[in-house]
Amino acid sequence: MGFIKQTCHTALKPVRQAYGLLSENKRVQYIVCAALFAAMVAGPLFLGRYVIGVMWDAMFYMLLALGLNIIVGYCGLCDLGYAAKFAIGAYTTGICIQTFGLSFWLSLPVSVVMAIITAVLIGAPTLKLRSDYLAIVTLGFAEIVRITARNLEITGKATGLHSIERPSLFGLQLTKTEHWYYVFLVLVVAFIFISYRIRNSRFGRALAYIREDEDAAQAMGVNTTRYKLYAYMIGAVLGGITGSFYAVRMASISPTTFDFNQSANILLAVILGGMGKIPGVLAGAAFFAIFPELFRDIPVVGDMRMLFFGLLLVVVMILRPQGLWPERKKR
């Protein structure tokens, strides 16, 4: 194991040097961010539809990871049922469009309100719990949402909702993969802006105190239960918005989309990238979505790509337990 660590340490030395330069020089950060954004904007002009689809999938996980990062990374809560917030937004939009005939843009505020109500109903009585107890509660809530969606007539039972009408934007019907690529790119930029605003605010500092030492934060006058509930509500709203756009993007949803595996994947993306670090969370989500696709078309290896992916995750957690791109104070 020592030989493996030494080899990886030597191989990753240039990467660490580049990371140090990027972390300390604001001008370099702005240049890199502008270059990445320009490359993302120009991507559909040069890439094939399959690659665009993979990049859309990566941005989809980025949205979910950024929402969960508010709860797990900023506040330190253990949420094993984030797929439930995602499901509430998706089903609310699907029901509003199919059952009540609302347009997507009118159903979006309804999804936000439903996400807030659900977060309050579940979070208010349970966020006084900590550690494993809270994890079990969130896991149970996710299963309740999934099973309820599988048995109600209005949610389409086990088959789900299908043929959900896709929206129009400025007279353009959003039907092509390229359209949704740009929509989700705008959403990623908006979620990043919200995440940075929260992290650098007084509210974000209170969440950081709660994450590091909840008892000390409470002793200093921080209302820990209220701040944790606010974080839970914001994470639920971001998850609900993502679910709403997912429902109209896919035009169909079913309960199997929101199982525990989905929650585990989102949490894994946050932990893999580095909890609390926005670029790390984005990198973790992109790595989680793109890496398995690199080996899909390779004979023999393609059939076992998830096995290699799992082994790589184990190696990363051994060598980088704090994540691929952790916060400076956690490095």
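Since the structure is predicted, the reported quantities are computational estimates derived from the model, not experimental observations. (Residues numbered from 1 in each chain as written. Predicted model: local features only at pLDDT ≥ 70, side-chain atom pairs only at ≥ 80, totals over all residues. Heavy atoms only, no water.)

Time to look at the overall build of the chain. Counting secondary structure elements, the chain contains 14 helices and two strands. Per-residue burial over the chain gives 46% buried out of 331 residues. Considering only contacts in the chain between residues 6 or more positions apart, those separated by 24 or more positions represent 75%. When the accessible surface of the chain is summed, it comes to about 16,900 Å², and 67% of that surface belongs to carbon and sulfur atoms. (Helix = DSSP H or I, 4+ residues; strand = E, 2+ residues; numbered from the N terminus. Buried < 20%, exposed > 50% of the residue type's maximum accessible area, 1.4 Å probe, protein only. Contact = heavy atoms within 4.5 Å. Areas by Shrake-Rupley, 256 points an atom, 1.4 Å probe, with all protein chains shown as cover.)

A rise of 1.5 Å per residue sets the reference length of helix α4 (residues 49-74), with its 26 residues, at 38 Å; its end C-alpha atoms lie 36 Å apart and thus fit the reference within 8%. A bend of about 45° at L68 is the largest found in α4. Judged by how many residues are buried, α4 sits mostly within the fold: 21 of 26 residues are covered. Phi turns positive one or two residues past the end of α4, at G76, with a value near 80°. (Expected span 1.5 Å × (residues − 1). Bend = angle between axes of the 7 residues up to and from the residue.)

Our next topic: the environment of L64. With respect to the helices and strands, L64 occurs in helix α4. For L64 and K85, which are 21 residues apart along the polypeptide, the C-alpha to C-alpha distance reads 9.7 Å. Sequence-distant contacts of L64, defined by excluding residues within four places in its chain, comprise Y82, F86, T242 and I266.

It is worth spelling out the pattern of salt bridges at this point. All told, the structure shown has five salt bridges when counted by the stated rule. Here E212 makes a salt bridge to R211, at a shortest N to O gap of 3.1 Å. In this structure R211 comes out as buried when scored by relative accessible area, which is 17%. With a shortest N-O distance of 3.0 Å, E214 and K228 are connected by a salt bridge. A residue pair is termed long-range when its members are at least 10 positions apart, and E214 in helix α10 (residues 214-219) and K228 in helix α11 (residues 224-250) qualify at 14 residues. K228 carries the same exposure label as E214, and that label is buried. (Salt bridge = Lys/Arg side-chain N within 4 Å of Asp/Glu carboxyl O.)

A few words now on the packing of aromatic side chains. Per the counting criterion, the structure on display carries 18 aromatic pairs. Centroid distance Y91 to F258: 5.7 Å. Interplanar angle 55°. Geometry classified as tilted. One end of the pair, Y91, is in helix α5 (residues 82-98); the other, F258, is in the loop between α11 and α12 (260-273), with 167 residues separating them in the sequence. Taking the relative accessible area as the measure of exposure, Y91 reaches 6% and is therefore buried. The class for F258 is buried, based on a relative accessible area of 3%. We note R226 situated over the ring of Y227; from NZ or CZ to the ring centre the distance is 5.5 Å. Directly above the ring of W56 sits R249, whose terminal nitrogen or CZ lies 4.6 Å from the centroid. (Phe/Tyr/Trp six-rings, centres within 6.5 Å; stacked < 30°, edge-to-face > 60°. Lys NZ or Arg CZ within 6 Å of the ring centre and 35° of its normal.)

Attention now goes to unusual backbone geometry. The phi angle of most residues is negative, glycine excepted, and most peptide bonds adopt the trans form. Positioned with a positive phi, K157 is a non-glycine residue whose angle comes to about 55°. Within the secondary structure, K157 is located in the loop between α7 (131-151) and β1 (168-169). Positive phi values are uncommon outside glycine, yet S163 reaches one of about 55°. Within the fold, S163 resides in the loop between α7 and β1. By relative accessible area, which is 66% here, S163 ends up exposed.

The next subject is the packing of α4 against α12. The interhelical angle for the contact between α4 and α12, taken along N-to-C directions, is 75°, at an axis separation of 9 Å. Regarding the angle of α4 to α12, the classification is roughly perpendicular. In contact with Y61, L64, A65, L68, N69 and V72 of α4, α12 contributes Q262, N265, I266, L267, A269 and V270. When its residues are assigned to classes, the contact of α4 with α12 shows nine nonpolar, three polar and no charged. (Axes fitted to C-alpha atoms, helices over the stretch in contact; angles between N-to-C directions. Parallel < 35°, antiparallel > 145°, perpendicular 65-115°, else oblique. Nonpolar A, V, L, I, M, F, W, Y, C, P; charged D, E, K, R; others polar.)

Let us look at the nonpolar core. Soluble globular proteins: nonpolar side chains tend toward being buried together. F60, W180, F184, F245, I253 and F258 are the most contacted members of the largest nonpolar core, which has 88 residues in total. Of the residues forming this core, the biggest block, 17 residues, is contributed by α4. Apart from the residues lying within four places of it in its own chain, the contact partners of I253 are A90, Y91, T159, G160, L161, I164, Y246, A247 and F258. (Core = buried A, V, L, I, M, F, W, Y, C linked by side-chain atoms within 4.5 Å.)

Its place among the elements puts N69 in helix α4. Take N69: its relative accessible area is 0%, and that puts it in the buried class. Look past the residues within four positions of N69 in its chain and what remains in contact with it is Y74, V270, M275, G276 and V281.

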